[in-house]
Amino acid sequence: MSFNDMSVAAAMKAIQTDKYVLPAIQREFVWREDRICQLFDSLMQGYPIGQLLFWTIEPQNVKTYRLYRFMRHYHARDRQLCEEFDTEDVVQPLTGVLDGQQRLTALHIGLRGSFAAKKPYGRKDNDDAYPKKNLYLDLVSPEDKAADGVLHEFRFFDSNAELPHEGWFPVCEILDMTDTSSLSEWVMDRDFDKDTMKRANKRLHRLHSVVHVEKPLSYYTVEEQDLDRVLQIFIRVNSKGMVLSYSDLLLSIASAQWTNRDAREAVNGIVEAMNAIGGGYDFSKDFVLKAGLMLLDIKSVGFRVSNFDRPTMARMDDNWEGITSALELTVKLASELGIDARALRADSALLPIAYYLYKKGVGEKYLSSSNAASDRSAIRLWLIKSLLKQSGIWGSGLDVLLTALRTVIEKQGTESFPAEALEREMAARGRSLVFSEEEIERLVELKYGDKLTRPLLVLLYPFIDTSHLMHVDHIYPKSRFTRAKLKRDGVDEDDIEHLIDWSNRLPNLQLLKGVPNQEKSAKFPATWLQSAFADKQLRQSYMKDHDLRLPDGRGGWVEPGGDPHSFETFYENRENVLRSRIKELIGQG
């Protein structure tokens, strides 16, 4: 990147002639009157105002994305957004401002424009509540540095109002005063005494020097034409302690290029709607934007600036209702299939399903139609297997995988969900959904705290209402499985270590609501079950549903024990039951 500096007047001329423009990734102007005034005072005092970052945009890229002119006349109600720049006839490179928009816009408004903010207590629908103001500099008041360090008083005055005294200079006139002789003429035309005239002359010459002579604006220029690289640079220089999302910037581009609706509002709206389904989810803008690329058959579903050009954004805008309907239907389907936010370890796993439903053009009836029952079962099995694979199906190389799965669905998903074809494609890419015996055993023996434990319990026991806060609970209390306590309870020394280990694994875990879990505390299962379910029938039903019963050896069942001596039998029995449940869950039973 090249480094240079320039005068304020040169920057204003570049803005006036549309050489400097704003890329769509820039936000709106947000500075207020006091901050504009502070910027001009900083220039007058010779303070640095920060470096600017420019981007040379070659003509072939100029026509690809929307660009905007700098704000000149700001109006808090009627003109908060910049005017779009017509790129149709551009044949020369332009300079896009990546960092410094607020500062340059503040200078532009002060030197060439106006500022109209709403009066306190003024009505929004009253035009008079937004007086047009211009920037002035007090040339004659004695120097008196304020507590905040301000030395030169700049102030916006209503263009129709009477000024407090004739020593207020309209800042916009300084651009035309290229000859310093005109400065003295302006001062001489006022009825100032000798000392006041001297003070006014000094300040006006200082303002002239700051605008025309000095070069206080330092800037780097990026010549890079790879738009994704430019966007990464933009993120870095604009973060300033705040985390900026790549998708936020892409959304800014989309917002600038949609015509039927506000893209930011539309995307946030569908995110909110999806997250409210069932017990609640945690989808993001990234998911929605990638879904848009996926469903519209954009060649690559990657987050590249080139995927957010005008033609693509126009298609997304035009097809938005269909896209959002498919996304909501997909999330509702996942919820009804028992896959809640905890079980949904990777949001991206829903994208092939959303694409299938979008292409199929189905509606709400799909969720309950008996004709679609086998289709829904195929989707559930495929989705669960992809979520339980510890190798990470939805990790690296995601965009390439999604693009390939989309092709499979497009070619083979016209009649029903092509689960087998998808699995073949995934296996060919080293992402097999077939579980080895070793993988199944790893699932059976998951430890408390493993990222898969809660999702697996949700999937194994789909009747549990996960809209409530559910804790992963130790059936036999872990606090009772220490070496000292087991030894005190008379457990054989050779069994202590593996019992401690087993106490923290899946066969000893269940999902339990927060309050009951607190009430259960360190109670053994027999004691807790008796207190939680005084009715024997309810107790038997709970134990059956959660696989807590033990065979009595005569074809019947007994309740789990009330001490650590029964734990080994309980663990081995439930381990076998869970192994069978997992195999059935992944279709390998």
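A brief report on the enclosed structure follows. Every value quoted in this text rests on a predicted model; they were computed, and no experiment measured them.

**Quick look at the nonpolar core**
Here comes step 1: Trp382 and Trp394 are the most contacted members of the largest nonpolar core, which has 93 residues in total.
Here comes step 2: Per element, the largest residue contribution to this core is eight residues, and it comes from helix 12 (residues 320-336).
Here comes step 3: For tryptophan 394, the contacting residues outside a window of four places in its chain are Ala346, Ser348, Ala349, Pro352, Trp382, Ser386, Leu401, Leu402, Leu405, Met426 and Arg431.

**Remarks on the pattern of salt bridges**
Here comes step 1: For the coordinates displayed, the defined rule picks out 27 salt bridges.
Here comes step 2: Of the charged contacts, one joins arginine 69 and glutamate 83 as a salt bridge, the two residues approaching to 3.3 Å between their closest N and O atoms. A residue pair is termed long-range when its members are at least 10 positions apart, and arginine 69 in the loop between strand 4 (67-68) and strand 5 (73-75) and glutamate 83 in the loop between strand 5 and strand 6 (84-85) qualify at 14 residues.
Here comes step 3: What makes arginine 69 partly exposed here is its relative accessible area of 25%.
Here comes step 4: The exposure class assigned to glutamate 83 is exposed, which follows from its relative accessible area of 52%.
Here comes step 5: One salt bridge in this structure joins lysine 389 and glutamate 439, with 2.9 Å as the shortest N-O distance. With lysine 389 in the loop between helix 14 (373-388) and helix 15 (398-412) and glutamate 439 in helix 17 (residues 437-444), this residue pair connects regions lying 50 residues apart in the sequence.
Here comes step 6: A relative accessible area of 14% means that glutamate 439 is categorised as buried.

**A closer look at the sheet that holds strand 1 (residues 2-6)**
Here comes step 1: Taken in spatial order, the seven strands make up an open sheet running 1-12-3-7-2-4-6, and their pairing is mixed. Across the chains shown, the open sheet's two edge strands, defined by having one partner strand only, are strand 1 and strand 6.
Here comes step 2: Where strand 2 (residues 20-23) meets strand 7 (residues 94-99), two bridges bridge the pair, whose relative direction is parallel. When the bridges of strand 7 are listed, valine 21 appears paired with glycine 96.
Here comes step 3: Along the sheet, helix 4 (residues 101-112) makes contact with strand 2, strand 3 (52-57), strand 7 and strand 12 (217-222), crossing strand 7 at roughly 115°.

**Describing the environment of aspartate 189**
Here comes step 1: In this structure, aspartate 189 sits in the loop between helix 5 (181-188) and helix 6 (194-213).
Here comes step 2: Residue aspartate 189 is classed as exposed on the basis of its relative accessible area of 62%.
Here comes step 3: In sequence terms aspartate 189 and methionine 426 are 237 residues apart; their C-alpha atoms lie 83 Å from each other.

About the cut-offs
- Residues numbered from 1 in each chain as written.
- Predicted model: local features only at pLDDT ≥ 70, side-chain atom pairs only at ≥ 80, totals over all residues.
- Heavy atoms only, no water.
- Core = buried A, V, L, I, M, F, W, Y, C linked by side-chain atoms within 4.5 Å.
- Buried < 20%, exposed > 50% of the residue type's maximum accessible area, 1.4 Å probe, protein only.
- Helix = DSSP H or I, 4+ residues; strand = E, 2+ residues; numbered from the N terminus.
- Contact = heavy atoms within 4.5 Å.
- Salt bridge = Lys/Arg side-chain N within 4 Å of Asp/Glu carboxyl O.
- Pairing = 2+ DSSP bridges.
- Axes fitted to C-alpha atoms, helices over the stretch in contact; angles between N-to-C directions.

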